[in-house]
Structure formats: structure tokens, C-alpha cells
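Coordinate inspection notes
Below, each chain spelled out in residue letters.
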Amino acid sequence: MLASPVISQRLLEHLNTGVLLLDADLTVTYMNPAAEALLEMSGKRGLGIHFWEMVVEDDKDRQALEDAVVTGHSFTKREATILLHNQQQVTMDYSVSPVSHPETRLPTLLIELQGRDRLMRISREEQLIAKQETTRSLVRGLAHEIKNPLGGIRGAAQLLERELPSEGLREYTQIIIEEADRLRDLVDRLLGPRQIPKQEEVNIHEVLERVCQLIGVESHNRILFQRDYDPSIPELLADKDQMIQALLNICRNAMQAMLESHIFQPTLSLRTRTVRQFTIGHKRHRLVVQIDIQDNGPGIPADIQEDLFYPMVSGRADGTGLGLSIAQSIINQCNGIIEFDSEPGSTIFSIYLPLENL
């Protein structure tokens, strides 16, 4: 038995796949709620407008859509980058199927839309978390192999120093001891925080204000701070000192990049919001706090962006490349994650921390 038009429309309205119908002139005649959400336009506003007023694509893709009306050939495009009417850029899979209107028999295009941004972000986060775990295991093993002989070298240098007849010769043993200590400190920093996190209720805005205070002192008040806080965000369970360290590492990197590139007015923008039903790695969280730290510096070099959270990766000649690795490790311990987006003139680090434990 064929479904009635009313039932068919209800089914379309409950799909997670966006569905659009265009007439032969590419005017929108129907869009379901999923399409409204993907294209960020209400059906009330979208019905009756031309499809190219809703989205922007390159000439080749525009021509393919227009040719589908004439030729009747279906096609599918994977991970297409589309610019929406509000200048938001999204990634989608879409399929175009020419069909005949059941009443007028005129050609109609059925477009099915699947958003890819969320799935791509989840996949990217899972890879990042897996890389972090692999890196931490490698660093722990390497640290163990380095620290054992370092202790022996340092001890031998101290014993040798006692037997040396001349004070002048002791200068060389002191160099051995100092360099052994320097390597030990570097290995300790590679390992990150060694204390068990003290779980306590933390006000994220108090943490951010403390970070601003420290950055202000370090930069001699050359950094302009812009704040956009959501005061309704509840306290979260975390180690306050470690949280300050993680956010300070991010802000310090931004400060150094801006000051070294002589930005006219170096600015750090801090923004907090809550996000509902957000996935971090493979786990979906009911409520998450999002902390955005944005600077107007030169941006992160493209050649290090993929490996930015690895130890010893830095865009600065005198940088150790440990700050972001340690920050990511601290946030991971809180079941959160750090992401970033960078281009010249704007770099945004977004920290996501779950709130449902409260």
C-alpha cells in the first residue's frame, strides 16, 4: 500500500539527512528540517528563493547542477566545501537526483545533504587522542632510559671532582653536572605534570583572570585583553593549578608570537560558552564548556600544524615545543580536548571540557 502524501512528508521531516527539492529553474520548492539546520536557513525564508542565493559553489559544480536538469543524470559529490549565505563554510556530501514532479511532470531536482564537519571533527579528535597516548607512552619509555644513565654520569662526575688535584679542573666536572641536571629537567618537563590531579570545583573565569594577570605582568602590559564570558557556566571539576598552567601555556605562546612579530596592537580575546550534546573523541557529553583563546598574531606555520601538540614541535627558533604538549595532556586528563584553527592575523585555540560530572 502506498504511503499518503502526509505520511511521506512526516517521514521526510524526521530524517537526519537534509532533503531539498528544486524546480527546473533551481528555485527551492521544499526543504526538510534537517536541510534547514545544515544550510542555516529556515524553510519559511528558503522556499521560493534561488538555490545559489542559499549556497555558493565554484563554477564547475554550479554547471554540474544545472546540467542535471537537462541531461537527467544523477551525481554525488563527497566532502564538498560549500559557502553558505551567511558566509559560514561547511563540508558536506550531497547527491543530486533528477525526478519528475508527480503532478506537473516537469523536471525536479532532489538533493540529499549529509553534513561532514562533525564526523570529520570526531575522526580528527580520535586520531589526535590516539597520537597523544602513543607519544606519552614513547616519552615515558625514553625518559626512563635517559634518566638512569644521567644519574650515573652525574654521580661519577661528583666522585671525580673530589679526586681532582686542581680547582681549575673542577670547572669541567661542574659542566658535566650542570648539563646532566639540565637534561634531567628537560625530561621531567617532557613527562608533564607528575602529581595526581586534585579534583575540586573550579570557576573557569577565575582561572582565566589569573592567566590574564600573569600574561599582563610578563608582557609589561603590552597585551590588550578582550573578554566575552558567559556568567551562567557552572564550576567544573579539575585541578585549578594545572588548569591555570594549561591555559597559561596557550596564552604565553600567543603573547610571544604577537610580540615577536611586532603586531600594532597585540590582542588576546577570551570567550566562554556552553555547548550541549557535544562529542569529544568517541564519547558524547550532555554539557561541555568551550573556552576560545584568540590572538591576532602571525598564525601558526602550515608545516607544523599537523604535529603541533607533539613535544619539541615549535614555530619559534628558541622555543622548546613543550607548552602545548603539556596543555593538551592536562586537558586530556579532564576528559577534554584542545583544537585550533589558524590563519595569518587570527589563531583560535578552543578548549572543550565536560561539565556533566557536577
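All residue numbers refer to position in the chain's written sequence, counted from 1. Given that the model is predicted, a residue must reach a pLDDT of at least 70 before its local features are reported, and side-chain atom pairs must reach 80 or more before they are shown or counted; all residues, however, enter totals for whole chains, interfaces and linings. Heavy atoms from the whole structure form the basis of all side-chain values; hydrogens and water molecules are not counted.

**Thoughts on the overall build of the chain**
- Helix and strand labels come from DSSP, where a helix needs a run of H or I of at least four residues and a strand needs a run of E of at least two; each type is numbered from the N terminus. Within the chain, the secondary structure is distributed over 10 helices and 13 strands.
- Three exposure classes are used, based on accessible area relative to the maximum for each residue type with a 1.4 Å probe and protein chains only: buried under 20%, partly exposed in between, and exposed over 50%. The buried share among the 358 residues of the chain stands at 39%.
- Across the chain, contacts joining residues at least 24 apart in sequence account for 61% of those joining residues at least 6 apart. Throughout, a residue-residue contact means that at least one pair of heavy atoms, one from each residue, lies within 4.5 Å.

**Here we look at the sheet that holds strand 8 (residues 224–228)**
- With mixed pairing, 5 strands are arranged side by side in an open sheet as 8-10-11-13-12. Two strands close off the open sheet at either side, each with one partner strand: strand 8 and strand 12 (337–343). Taking the axes of each pair of neighbouring strands and ignoring which way they run, one obtains an average angle of 20° across the sheet.
- The sheet contact formed by strand 10 (residues 267–280) and strand 11 (residues 283–295) spans 12 bridges and is antiparallel. Among the inter-strand pairings, L268 is bridged to a residue of strand 11, identified as D295. In this scheme, strands are said to pair when DSSP sees at least two bridges between them. Note on geometry: axes are lines fitted to C-alpha atoms, helical ones only across the stretch in contact, with angles between N-to-C directions running from 0 to 180 degrees.

**Topic: a nonpolar patch on the surface**
- On the surface, a cluster of nonpolar side chains totalling about 300 Å² of accessible area is made up of L169, Y172 and I175.
- Residue position: Y172 is located in helix 7 (residues 170–191). For patch detection, residues must exceed 30% relative accessible area and be free of salt bridges, and they are connected within 9 Å for like charges or within 5 Å for nonpolar side chains (Val, Leu, Ile, Met, Phe, Trp, Tyr). Per-residue accessibility takes into account occlusion by the displayed protein chains alone, with areas from the Shrake-Rupley method and a 1.4 Å probe. Salt-bridge detection follows one rule: a side-chain nitrogen of Lys or Arg within 4 Å of a carboxyl oxygen of Asp or Glu.

**Concerning the pairing of strand 2 (residues 28–31)**
- Sheet analysis places strand 1 (residues 18–22) next to strand 2, joined by 3 bridges and oriented antiparallel. Each bridged residue has a counterpart across the sheet, and for L20 the counterpart in strand 2 is M31.
- In this antiparallel pair of consecutive strands, strand 1 and strand 2, the connection spans 5 residues, and L26 shows a positive phi of 65°.

**Regarding the packing of helix 8 (residues 204–218) against helix 9 (residues 240–260)**
- One way to put it is that helix 8 packs onto helix 9 with a least axis distance of 9 Å and a crossing angle of 45°. As the angle between them shows, helix 8 and helix 9 are arranged oblique. For the pair helix 8 and helix 9, the sense of crossing is right-handed. Judged by residue contacts, I204, E206, V207, L208, R210, V211, L214, I215 and E218 of helix 8 engage K240, M243, I244, L247, L248, C251, R252 and M255 from helix 9.
- Following the grouping adopted for this structure description, the nonpolar residues are Ala, Val, Leu, Ile, Met, Phe, Trp, Tyr, Cys and Pro, the charged ones are Asp, Glu, Lys and Arg, and the polar ones are all others, Gly among them. Per-class residue counts for the contact of helix 8 with helix 9 are 12 nonpolar, no polar and 5 charged. Angle categories: roughly parallel below 35 degrees, roughly antiparallel above 145, roughly perpendicular from 65 to 115, and oblique for all the rest. A crossing counts as left-handed when the near helix is turned anticlockwise from the far one by less than a right angle, and as right-handed when that turn is clockwise.

**Thoughts on the layout of surface pockets**
- Any residue with an atom within 4 Å of a point lines the site, the site being either a cavity, points on a 1 Å grid over the protein atoms alone where a 1.4 Å probe fits but cannot get out, or a pocket, an open set with protein on both sides within 12 Å along at least 5 of 7 lines. Grid points are joined across faces, edges and corners, and a volume is the space filled by probe spheres set on the points. In this structure, the largest pocket spans a volume of roughly 1,800 Å³.
- Around the largest pocket sit 44 residues that line it, and D117, R121, R124, E339 and D341 are the ones nearest its centre.
- Secondary-structure elements contributing two or more residues to the lining of the largest pocket are helix 2 (33–39), strand 5 (89–100), strand 6 (107–115), helix 6 (117–163), strand 12 and strand 13 (346–354).
- Looking at the lining of the largest pocket, the element that brings in the most residues is helix 6, giving 10 residues.
- Its residues assigned to classes, the lining of the largest pocket comprises 16 nonpolar, 15 polar and 13 charged.

**Examining helix 9**
- Across its 21 residues, helix 9 extends 30 Å between first and last C-alpha, which sits within 8% of the 30 Å expected from 1.5 Å per residue.
- Residue D239 occupies the N-cap position of helix 9, its side-chain oxygen lying 3.1 Å from the main-chain nitrogen of D241. Expected span of a helix, by definition, is 1.5 Å for each gap between consecutive residues, and there is one gap fewer than residues. The term polar contact refers here to a pair of N or O atoms within 3.5 Å; inside protein, the definition further demands a hydrogen-donor-capable atom paired with an acceptor-capable atom, and it admits residues adjacent in sequence only when both atoms are side-chain atoms.

**Considerations on helix 10 (residues 323–333)**
- Taken across its 11 residues, helix 10 has 9 buried, putting it largely inside the fold.
- L324, S325, I326, A327, Q328, S329, I330, I331 and N332 are the residues of helix 10 that are buried.
- Looking at the residues trailing helix 10, positive phi occurs at N335, about 65°.

**A word on empty space enclosed by the protein**
- Counted under the stated rule, the structure contains 1 cavity of 30 Å³ or more.
- Taken together, L39, F51, V55, E57, L65, I82, Y94, I111 and L113 make up the full set of residues lining the largest cavity.

**What to know about the nonpolar core**
- Only buried residues count toward a nonpolar core. Its members are Ala, Val, Leu, Ile, Met, Phe, Trp, Tyr and Cys residues joined through side-chain atoms within 4.5 Å. Membership of the largest hydrophobic core comes to 51 residues, with the highest contact counts inside it found for I215, M243, L268, I293, I351 and L353.
- Contributing elements (two or more residues each) for this core: helix 8, strand 9 (236–238), helix 9, strand 10, strand 11, helix 10, strand 12 and strand 13.
- With 11 residues, helix 9 is the largest single contributor of residues to this core.
- Contacts of L268, omitting those with residues within four sequence positions, involve I215, I223, L224, F225, Q226, C251, A254, M258, I293, Q294 and D295.
- Core analysis: the second largest hydrophobic core is formed by 26 residues, F51, L65, V69 and L113 among them.

**Remarks on the environment of D117**
- One can find D117 in helix 6.
- C-alpha of D117 to C-alpha of Q89: the two residues are 28 residues apart in sequence and 9.8 Å apart in space.

**Digging into the packing of helix 9 against helix 10**
- Contact geometry of helix 9 with helix 10 gives a least axis separation of 9 Å together with a crossing angle of 145°. As for the relative orientation of helix 9 and helix 10, their crossing is left-handed in sense. Between helix 9 and helix 10, the residues in contact are Q242, M243, Q245, A246, N249, I250 and N253 and G323, L324, I326, A327, I330, I331 and Q333, respectively.
- Residue composition of the contact of helix 9 with helix 10, by class: 8 nonpolar, 6 polar and no charged.

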